[in-house]
Amino acid sequence: MPGRPDPLQELPLVMRKEPFGGIVFDPFDGTMLELDPEAYGVARKTLKGRGLFFSREKREMMRELKRELHLHRLRAVREVKVQGAQDWQSKIPVPSLSAPTLVDFQITDNCLMGCPHCYASSIPKGQHVPWEMVQRVVEQLADCGVCQLAIGGGEPLLHPQIGDLLKLCQDKGIVPNLTTGGMELRPDNLTLLKKYCGAIGISMEGVGERYSEVRKYPFRKFEEALDKLRDAGVPTVIQMTLSRANFDHLPEMAEFCLSRPELYGAIFLAYKPVGRGETYSQALSTLDAKVVSKGLSHAFNLLSPHMRVGYDCCMTPGVAGVEDALKFADESNLEGCSALRGSVGISTRLDVIPCTFTWRHRIGNLKTEHLRDVWRNANAERFRQRIEIKSQNNRACTGCLKKAHCHGGCPVMPLINCHRDHIGDPEQKWSF
Amino acid sequence: MNILRRHRGFTTNSSSASEWIDPERPPASIPLDQFDADGNRIVPTPTPESGSGDGGPATISLEGFEFNPFATPSPKPSPKPEATATPAPAKEELPSVASENTAMVLGFLGTILGVFALERMLRLWWRKRKEQED
Ligand SMILES: C[S@@+](CC[C@H](N)C(=O)[O-])C[C@H]1O[C@@H](n2cnc3c(N)ncnc32)[C@H](O)[C@@H]1O
């Protein structure tokens, strides 16, 4: 793929056995495949160059895997065996992995932007996570076979060891991605981002004046940041947090994304009333579900022919209502809350939390425990049960074919509604 | 033999995991026969305690797919008739690897035998030719 950072091409593919078969992750473009036991067996042999005596069916699977993964040349493989994973399996029927594949790590509380909606309540005097602690966390991630690290904060580019962290990830075979406000981009860190990161997210809550109302910087500065990223060849995602305060502005935001054809993608996040942002606005669940559905549908359709479109997993019920209108999506594009099923958050205090918004649901701490043990502890199981109960008990999910993917929305707070178009009851509005 | 789910693209989102909709690649889809009439995925719903003490159903599940020994059998014939037994497939050796190994050993033996046979035939032919010449 032209323009891809070289170090990512050198990273080994990650293989990890799971109770349902196994996963294969290709750091080249962030492809994650979940395979059944037979397909996993084929993948193992193919990647080890031992597919000589494959039956016809297996040869077909081998060809499919070669299409999915970048196997046009010999690639190194890292087969991860998570200690004790073979003896553990979640008791909760909601599908979950034996260890996380994606970790969100808030490496600092320091940020100069002072956004009023900030769930992390970051401030200019905020502390950075000490380097020894960062190293400790990354060691544990590698032990667990984590594939991607989403680095957040605060402003991660203000952390004095951000370069060392990106390099450490590379050494451990983990793809680092990062979200920034974009005001700290300089030639030195742009080179690092280009060299080590899979992609980076840059936040935008509005266009023009609406941007500077939130971010306190002129929109021109944001556009300059995008230019810098483009010129440095960094795969960039515009990250848009949607709340009641800016939902009417969604079409302008989508149009703006269209005007930047260099983008890797555009991603929409549901606003959560958490931290300093608790009283900033109201969640999308306070808007008419049909209006939200229509707005999202319009934005998705506008952008998807030109770039990847993404949404954070807590938005799934809102997307479940619109995806039928999107020719390219089917229900397996829907995957509800991933907290403690495939992903996990780590706070600046090294608390392990289901996701970075749910700091009240601390399930462990990495100063004293290992991530693989925290993943399997009783607190984690209780949280998984919350997800399970959410979709089982949610009246709005009765009879919905997508319930098994969507899980009925965020198990902690009401964030977005589903208007059930997809089960033929468009007039009925349901609240979570 | 299946790819159960694909996710393509880097996840930058430092808040929660993101789903990418990538128009170029259709995602793997899950057969409808895995759902009951109410749209529930067919899985037993043990309490957190069950499945340990009482040897209850071992549901081994993951994003978008389940191996559930107690689920209604799907119309497709299951490759593993022993799937009603409780032990988790996770702990078993991958069947495909085992059978591949057997195939490999057999193939190897076959090749050696073939080489021997060929050598023998060549010898015979050579001897015959020598005898004719003499
Ligand atoms: C906390 S910031 C940290 C990274 C960086 N400082 C930035 O501004 O992007 C990460 C992302 O979370 C989003 N965010 C902040 N507060 C939020 C909230 N209350 N609900 C949902 N997303 C929020 C931001 O807009 C940003 O895209």
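Computed from a predicted model, the values in this text were never measured in an experiment. Every residue gets a number counted from 1 within its own chain, in the order that chain's sequence is written. All chains are assigned letters beginning with A, and all ligands numbers beginning with 1, in the order in which they are written. For this predicted model, a pLDDT threshold of at least 70 governs which residues receive local features, and a threshold of 80 or more governs which side-chain atom pairs are given and counted, while totals over whole chains, interfaces and linings are taken from all residues. Hydrogens and water are ignored here; the side-chain numbers use all heavy atoms of the structure.

Visitor: How do you make sense of the sheet that holds strand β1 (residues 3-7) of chain B when you look at a structure like this?
Guide: Two pairing modes exist for strands in a sheet, parallel and antiparallel, and in both the strands are linked by backbone hydrogen bonds. One open sheet accounts for 5 strands, arranged β4(A)-β1(A)-β2(A)-β3(A)-β1(B); its pairing is mixed. Edge positions in the open sheet fall to β4 (77-80) of chain A together with β1 of chain B, since each of these has one partner strand only. Neighbouring strand axes in the sheet, compared pairwise and without regard to direction, differ in orientation by 15° on average. Pairing geometry for strand β1 (residues 13-18) of chain A and strand β2 (residues 21-26) of chain A, over 5 bridges, is antiparallel. Residue pairing in the sheet places Met15(A) in a bridge with Val24(A) of β2(A). In this analysis, strands are considered paired if DSSP registers two or more bridges between them. What counts as a helix is a DSSP run of H or I of at least four residues, what counts as a strand is a run of E of at least two, and both are numbered from the N terminus. All axes here are fitted lines through C-alpha atoms, helices being fitted over the stretch that makes contact, and every angle between N-to-C directions spans 0 to 180 degrees.

Visitor: When you look at a positive patch on the surface in this model, what are you seeing that I'm missing?
Guide: Patch construction takes residues with relative accessible area above 30% that form no salt bridge. Like charges are linked within 9 Å, and nonpolar side chains (Val, Leu, Ile, Met, Phe, Trp, Tyr) are linked within 5 Å. Surface exposure here means Shrake-Rupley accessible area, sampled with a 1.4 Å probe, where a residue is shielded only by the protein chains that are shown. Here, a salt bridge means any Lys or Arg side-chain nitrogen found within 4 Å of an Asp or Glu carboxyl oxygen. As used throughout, the charge tally considers Lys and Arg to be positive and Asp and Glu to be negative, leaving His and the chain termini uncounted. Taken as the charge location is NZ of Lys, CZ of Arg, CG of Asp or CD of Glu. Judged by side-chain charge, Arg56(A), Arg59(A), Arg63(A) and Arg67(A) come together as a positively charged surface patch. Classification of Arg59(A) by relative accessible area gives partly exposed; the value is 36%. A 1.4 Å probe rolled over the protein chains alone gives each residue an accessible area, and that area as a share of the maximum for its type sets the label: buried under 20%, exposed over 50%, partly exposed in between.

Visitor: What is the right way to look at the side chain of Gln140(A) in this model?
Guide: All names here are of chain A. Within the fold, glutamine 140 resides in helix α4 (residues 131-144). Glutamine 140 gets classed as buried once you look at its relative accessible area, which sits at 6%. The contact criterion used throughout is that any non-hydrogen atoms of two residues lie within 4.5 Å. With residues up to four places along the chain from it excluded, the contact list for glutamine 140 reads Leu366, Glu369, His370 and Leu371.

Visitor: Sorry if this is basic, but what is going on with the site of the ligand here?
Guide: The cutoff for a nearby residue is simple: one of its non-hydrogen atoms must lie within 4 Å of the molecule or strand. With respect to spatial proximity, 19 residues lie near the ligand, and among them His117(A), Ser203(A), Glu205(A), Arg215(A) and Lys272(A) are the closest. The ligand sits at the junction of chains A and B, each of which supplies nearby residues. A distance of 2.8 Å separates a nitrogen atom of the ligand from a polar atom in the backbone of His117(A). In protein, a polar contact requires one atom able to donate a hydrogen and another able to accept it; more generally it is a pair of N or O atoms within 3.5 Å, and residues adjacent in sequence count only if both atoms are side-chain atoms. Within the side chain of Ser203(A), one N or O atom sits 2.5 Å away from an oxygen atom of the ligand. More than half of the atoms belonging to the ligand lie within 2 Å of the grid points that define the largest cavity. We place a 1 Å grid over just the protein atoms. Points where a 1.4 Å probe fits but has no way out form a cavity, open points with protein on both sides within 12 Å along at least 5 of 7 lines form a pocket, and any residue with an atom within 4 Å of a point lines it. Grid points define the cavity or pocket, and a molecule sits in it when more than half of its atoms lie within 2 Å of them.

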